[in-house]
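Listed below, chain by chain, are the residues.
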Amino acid sequence: MAQVHVLDHPLIQHKLAILRNVSTGVKEFRELISEIAGLMCYEATRNLPTEEVEVQTPVAVAKCRMLAGKKLAIIPILRAGLGMVDSMVDMIPSAKIGHIGLYRDPETHKPVEYYCKLPEDIGNRQVFVVDPMLATGGSAVAAIDFLKKHGCKQIIMMNVIGCPEGIKAVQEAHPDVEMYLAAVDERLNEHAYIIPGLGDAGDRIFGTK
Ligand code: PRP
Ligand code: URA
């Protein structure tokens with residue numbers, strides 16, 4: 001079973017506390033999601049392979065390490081995952097970006113697909129799937145199913161807030177997928193919302209409610 005990493009870094013936890021607050025407005029919410037994603041990116045890319053290179057400094061040759069030609073892709077689950085993309089791209093400017101559009105049916109809570117567009121060579125890339133919320137896990141499992149159908153073999157899932165139900169669903173369906181979360185909350189409520197969570201991430205990022 002691939003590892004589940006819960007990132008308890010003080011900066012992440014501090015920003016997460018403000019993010020959860022019902023009084024935090026759209027502008028600050030957006031900024032915080034992006035900042036947290038940037039910090040999570042730092043951890044989630046920790047095991048990327050590097051290779052030694054020689055660099056001429058103004059005074060001597062330095063033996064350095066650079067990413068070993070790894071092809072990367074960032075795949076936000078729409079809509080809320082979009083809020084995590086910019087700061088990831090700031091860190092990994094050469095990454096390609098794909099989009100998977102899913103929304104949860106309000107009655108069944110099952111994901112409904114409405115848009116998917118992936119880089120052509122996605123099967124050869126290390127993929128980072130990003131979505132602030134992992135609730136039932138239905139959206140994450142569907143997104144990973146879709147990526148695997150397109151040949152992806154190396155997939156890392158990044159969520160800001162998850163819960164035991166969502167983690168279990170991803171682990172059962174995709175035991176090979178490593179997961180990074182900033183927090184694992186207590187449970188889901190009867191509407192499949194994370195408790196205590198932060199409410200509806202998409203609405204809070206885009207100001208739609
Ligand atoms: C939210 C969230 C996840 C999904 C998580 O998206 O961003 O994609 O719910 O729930 P699950 O684990 O039970 O599938 P939502 O469906 O509300 O769509 P939105 O991002 O367009 O608001
Ligand atoms: N989607 C969200 O945006 N929030 C939740 O708590 C659950 C699903």
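Owing to the predicted nature of the structure, the values given are computational and were not obtained by experimental measurement. (Residues numbered from 1 in each chain as written. Chains lettered and ligands numbered in written order. Predicted model: local features only at pLDDT ≥ 70, side-chain atom pairs only at ≥ 80, totals over all residues. Heavy atoms only, no water.)

Describing the site of ligand 2
At step 1: Every residue lining ligand 2 is accounted for by Arg104, Met133, Ala135, Ala192, Tyr193, Ile194, Gly199, Asp200 and Ala201.
At step 2: The contact in question runs from an oxygen atom of ligand 2 to an N or O atom on the backbone of alanine 201, over 2.8 Å.
At step 3: Protein contact buries 89% of the 240 Å² of open area that ligand 2 shows by itself.
At step 4: Across the shell around ligand 2, the residue classes break down as six nonpolar, one polar and two charged. (Near = heavy atom within 4 Å. Polar contact = N/O pair within 3.5 Å; in protein donor to acceptor, adjacent residues only side chain to side chain. Areas by Shrake-Rupley, 256 points an atom, 1.4 Å probe, with all protein chains shown as cover. Nonpolar A, V, L, I, M, F, W, Y, C, P; charged D, E, K, R; others polar.)

A word on the pattern of salt bridges
At step 1: The final tally for this structure, using the stated rule, is 12 salt bridges.
At step 2: Residues lysine 27 and glutamate 31 are paired through a salt bridge, measuring 2.8 Å at the closest nitrogen-oxygen approach. Placement of the pair is lysine 27 and glutamate 31 together in helix 2 (residues 26–44), with a separation of four residues, close to one helical turn.
At step 3: The class of glutamate 31 is partly exposed, set by a relative accessible area of 35%.
At step 4: For the salt bridge of glutamate 186 with arginine 187, the shortest nitrogen-to-oxygen distance reads 3.6 Å.
At step 5: Relative accessible area serves as the criterion here: at 39%, arginine 187 is assigned to the partly exposed category.
At step 6: Among the charged side chains, a network of salt bridges with common partners joins Lys71, Asp121 and Arg125. (Salt bridge = Lys/Arg side-chain N within 4 Å of Asp/Glu carboxyl O. Helix = DSSP H or I, 4+ residues; strand = E, 2+ residues; numbered from the N terminus. Buried < 20%, exposed > 50% of the residue type's maximum accessible area, 1.4 Å probe, protein only.)

Describing the pairing of strand 3 (residues 61–67)
At step 1: Of the pairings in the sheet, the one linking strand 2 (residues 50–56) to strand 3 comprises seven bridges and is antiparallel in character. Bridging from a neighbouring strand, threonine 50 pairs with leucine 67 of strand 3.
At step 2: If you look at the hairpin formed by strand 2 and strand 3, you'll find four residues sitting between the two strands. (Pairing = 2+ DSSP bridges.)

Points about the packing of helix 1 (residues 10–20) against helix 2
At step 1: Viewed as axis vectors pointing N to C, helix 1 and helix 2 meet at an angle of 155 degrees, and their least axial separation amounts to 10 Å. When the axis of helix 1 is compared with that of helix 2, the two are roughly antiparallel. Seen along the crossing, helix 1 lies across helix 2 with a hand that is left-handed. The residues of helix 2 that touch helix 1, namely those facing Leu11, Ile12, Lys15, Leu16, Ile18 and Leu19, are Glu28, Phe29, Leu32, Ile33, Glu35, Ile36, Leu39 and Met40.
At step 2: Across the contact of helix 1 with helix 2, the residue classes tally to 11 nonpolar, no polar and three charged. (Axes fitted to C-alpha atoms, helices over the stretch in contact; angles between N-to-C directions. Parallel < 35°, antiparallel > 145°, perpendicular 65-115°, else oblique. Left-handed = near helix turned anticlockwise from the far one by under 90°. Contact = heavy atoms within 4.5 Å.)

Observations concerning the side chain of glutamate 178
At step 1: With respect to the element layout, glutamate 178 can be found in strand 10 (residues 178–184).
At step 2: Polar side-chain contacts of glutamate 178 include one of 3.1 Å to the side chain of tyrosine 180.
At step 3: Discounting residues that sit within four places of it in the chain, glutamate 178 has contacts with Ala2, Gln3, His5, Asn47, Ile155, Ile156 and Met157.

Considering the packing of helix 4 (residues 138–149) against helix 5 (residues 164–173)
At step 1: The geometry of helix 4 relative to helix 5 is characterised by a closest axis approach of 8 Å and an angle of 25 degrees between their N-to-C directions. On the basis of their axis angle, the class for helix 4 and helix 5 is roughly parallel. Relative to helix 5, the crossing made by helix 4 is right-handed. Residues Ala140, Val141 and Ile144 of helix 4 pack against Ala169, Val170 and Ala173 of helix 5.
At step 2: Residues that form the contact of helix 4 with helix 5 fall into these classes: six nonpolar, no polar and no charged.

Points about a nonpolar patch on the surface
At step 1: Together, Tyr103, Tyr114 and Tyr115 give the surface a local cluster of nonpolar side chains, amounting to about 330 Å² of exposed area.
At step 2: By secondary structure assignment, the location of tyrosine 115 is in strand 7 (residues 111–117).
At step 3: The exposure class assigned to tyrosine 115 is partly exposed, which follows from its relative accessible area of 41%. (Patch = residues over 30% accessible without salt bridge, like charges linked within 9 Å, V, L, I, M, F, W, Y side chains within 5 Å.)

Quick notes on the environment of glycine 197
At step 1: Topologically, glycine 197 is positioned in the loop between strand 12 (194–195) and helix 6 (201–206).
At step 2: According to the relative accessible area criterion, glycine 197 is buried, its value standing at 4%.
At step 3: Spatially, the C-alpha atom of glycine 197 lies 37 Å from that of methionine 66, the residues being 131 residues apart in sequence.

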